[in-house]
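Structural features, examined
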Amino acid sequence: MNLVDRFLDYVRFDTQSDELTNMTPSTPGQMVFARHLHAKLEEMGLENITLDDNGYLMATLPGNITDRKVPTIGFIAHLDTSPDMSGLHVKPRIVHGYDGNTITLNSELGITLSPEEFPELLNYKGEDLIVTDGTTLLGADDKAGIAEIISAMEFLQEHPEIKHGDIRIAFNPDEEIGQGAHKFDVGHFGADWAYTMDGGEIGELEFENFNAAVARVIFRGRNVHPGYAKHKMINSMRIANQFIIMLPRWETPEHTEGYEGFYHLVSMQGTVEETVLTYIIRDHDHDRFERRKKELEHLSRKINNEFPNCCTIDIKDQYYNMREKVEPQMHIVDIAEEAMRRAGITPKVQPIRGGTDGAQLSFKGLPCPNIFAGGLNFHGRYEFVPVRSMQKAMEVIVEIARIVGER
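A brief structural summary. Numbering of residues begins from 1 in every chain and follows the order in which that chain's sequence is written. Only residues with pLDDT of at least 70 get local features here, since the model is predicted, and only at 80 or more are side-chain atom pairs given and counted; chain-wide, interface and lining totals rely on the full set of residues. Values reported for side chains reflect all heavy atoms of the structure, with hydrogen atoms and water molecules removed beforehand.

1. Focus on the side chain of Asn321
Labels follow the DSSP assignment, with helices taken as runs of H or I lasting at least four residues and strands as runs of E lasting at least two, numbered in each case from the N terminus. Locating Asn321 in the fold gives a position in the loop between strand E14 (311-319) and helix H7 (323-326). Think of it in three bands: residues with accessible area under 20% of the maximum for their type are buried, residues over 50% are exposed, and the middle band is partly exposed, with areas taken using a 1.4 Å probe on protein chains only. Classification of Asn321 as buried rests on a relative accessible area of 8%. Polar side-chain contacts of Asn321 include one of 3.0 Å to the backbone nitrogen of Arg323. Between N or O atoms, a polar contact is any pair within 3.5 Å; within protein, one atom must be a potential hydrogen donor and the other a potential acceptor, and residues adjacent in sequence are included only when both atoms are from side chains.

2. Notes on unusual backbone geometry
A cis amide bond links Thr24 to the next residue, Pro25, at an omega of -5 degrees. Cis rather than trans, the peptide bond between Asp141 and Asp142 has omega equal to 15 degrees. Within the fold, Asp142 resides in helix H3 (residues 140-158). Of note, the phi angle at Asp174 is positive, near 65 degrees, even though the residue is not glycine. Within the secondary structure, Asp174 is located in the loop between strand E8 (167-172) and helix H4 (186-189). Judged by relative accessible area, which is 0%, Asp174 ranks as buried.

3. Here we look at the layout of surface pockets
Put simply, the largest pocket is a space of about 1,900 Å³. Surrounding the largest pocket, 50 residues form its lining, Glu176, Arg282, Tyr319, Gly355 and His379 being those nearest its centre. Mapped onto the lining of the largest pocket, the elements with two or more residues apiece are strand E9 (193-199), strand E10 (204-206), strand E11 (211-220), strand E12 (262-270), strand E13 (274-283), E14 and helix H9 (357-363). Sort the elements by how many residues they give to the lining of the largest pocket and E14 lands first, with four residues. Broken down by class, the residue content of the lining of the largest pocket amounts to 15 nonpolar, 19 polar and 16 charged. For each structure, a 1 Å grid was placed over the protein atoms alone; sets of points admitting a 1.4 Å probe that cannot get out are labelled cavities, open sets with protein on both sides within 12 Å along at least five of seven lines are labelled pockets, and lining residues have an atom within 4 Å of a point. Grid points are joined across faces, edges and corners, and a volume is the space filled by probe spheres set on the points. Here the second largest pocket is characterised by a volume of approximately 170 Å³. Forming the boundary of the second largest pocket are Ile244, Leu247, Pro248, Arg249, Glu251, Thr252, Pro253, Glu254, Tyr263, His264, Leu265 and Tyr279. Looking at the lining of the second largest pocket element by element, the count peaks at three residues for E12. For the lining of the second largest pocket, the per-class residue count stands at seven nonpolar, two polar and three charged. Any residue outside Ala, Val, Leu, Ile, Met, Phe, Trp, Tyr, Cys, Pro, Asp, Glu, Lys and Arg is labelled polar, Gly included; the first ten of those are nonpolar and the last four are charged.

4. As for the nonpolar core
In terms of nonpolar packing, the biggest core is built from 84 residues, with Phe7, Phe75, Met153, Phe171, Ile371 and Ile400 touching the most fellow members. When residues of this core are assigned to their parent elements, the largest contribution, eleven residues, is made by helix H10 (residues 387-406). Among residues more than four places away in sequence, those in contact with Met153 are Met44, Leu61, Phe75, Ile167, Ile169 and Ile397. Formed by 18 residues, the second largest nonpolar core is a distinct cluster that contains Ile239, Ala240, Ile303 and Cys310. Nine residue types can take part in a nonpolar core, namely buried Ala, Val, Leu, Ile, Met, Phe, Trp, Tyr and Cys, and a core is a set of them joined through side-chain atoms within 4.5 Å. Residue contacts are counted whenever heavy atoms from the two residues lie within 4.5 Å of one another.

5. Digging into the sheet that holds E9
The rule for pairing is simple: two strands pair if DSSP sees at least two bridges between them. Strand order across the open sheet formed by eight strands is E1-E2-E8-E3-E9-E16-E10-E15, with mixed pairing between neighbours. Strand pairing shows two members of the sheet lacking a second neighbour, strand E1 (47-51) and strand E15 (348-349), which therefore form its edges. Examined bridge by bridge, E10 and E15 share two bridges and lie parallel to one another. Bridge assignment links Glu204 to a residue of E15, and that residue is Lys348. In the packing of helix H8 (residues 331-342) onto the sheet, contacts are made with E9, E10, E15 and strand E16 (370-372), and the angle to E9 comes to roughly 50 degrees. Every axis corresponds to a line fitted to the C-alpha atoms, with the helix fit spanning only the stretch in contact, and the corresponding angles, defined between N-to-C directions, vary from 0 to 180 degrees.

Set out below in structure tokens:
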């Protein structure tokens, strides 16, 4: 099975994760997909194949260098797709030789993929693109990564002249809900370092990401009949609104880029009696990250000075910037850069404006930069992946294995 056919096979599995189930994997479809992959890896003849009850699938492509010790490297991708949009009954279509015009995804519903709205399309003029039918996401995040890893292992099997050490591969559940690394057994995986194949457009190489926390801010009010409410009613929604506008207006996702951090209000639920705000806090710099958390606590105290005992806040850290763990071993980033150049790609080293399983794995003792898988517009109906980008990602995996074997 070639790379594209493999990817098209994988996207038919519904593997949306769900943070509300409190299970691992969070949805049964992920385990169904993991078992399918398990069978395929057995057919390929990989070794040390394990699939645990939590949906973590691991396997080894044995090395073919016998005269010296070579580091064991790993490649990782996640089984789940985003809960932001349905991944059920995905109907992918290949647009051959994209001509630079608007692509009709669904004529009945009037859904189009336009370079006016998504100018990055024009970077792939003349290439074959895999798109959705406009009713689901595609699932290139991260089934493209899975297809690329397995195709690269198959390529190395077919080309024994490429000398390499042992290669470990892993496919884990629940990355999209921030739990992909929680039950990842780094000791069992047994790699010296690894790469997640979970980045976006071609050339992306990332070894730093946001420090991240989530804050839950609760405002309690007092409800009385509005006709007799003077000096009695305390409207928690109005107090919550006061809290919202106290935060810096321009430090939000829609006004930031690069290394700029933000506060992001992700949900708001309220009545007169109680309102709950949920924020995510993000910053690449650890000191600024800590200051952001303290600012939220400071604002909650200001609210309580005006409305005693009205506001409570709970802040929990989610993950940290993996740069701290990767930087002391920058040779693993250098290897990925060289592999990209050998594959004819210009590396685009940049910070992740988000999180990755690699961040948590790095803090668990497995340094883990992130490499492009090729897709764009993740988590929605406008997701697409250029075929050439997937092919190049597969080549990068092969070249990394070759370089580590040479050194």
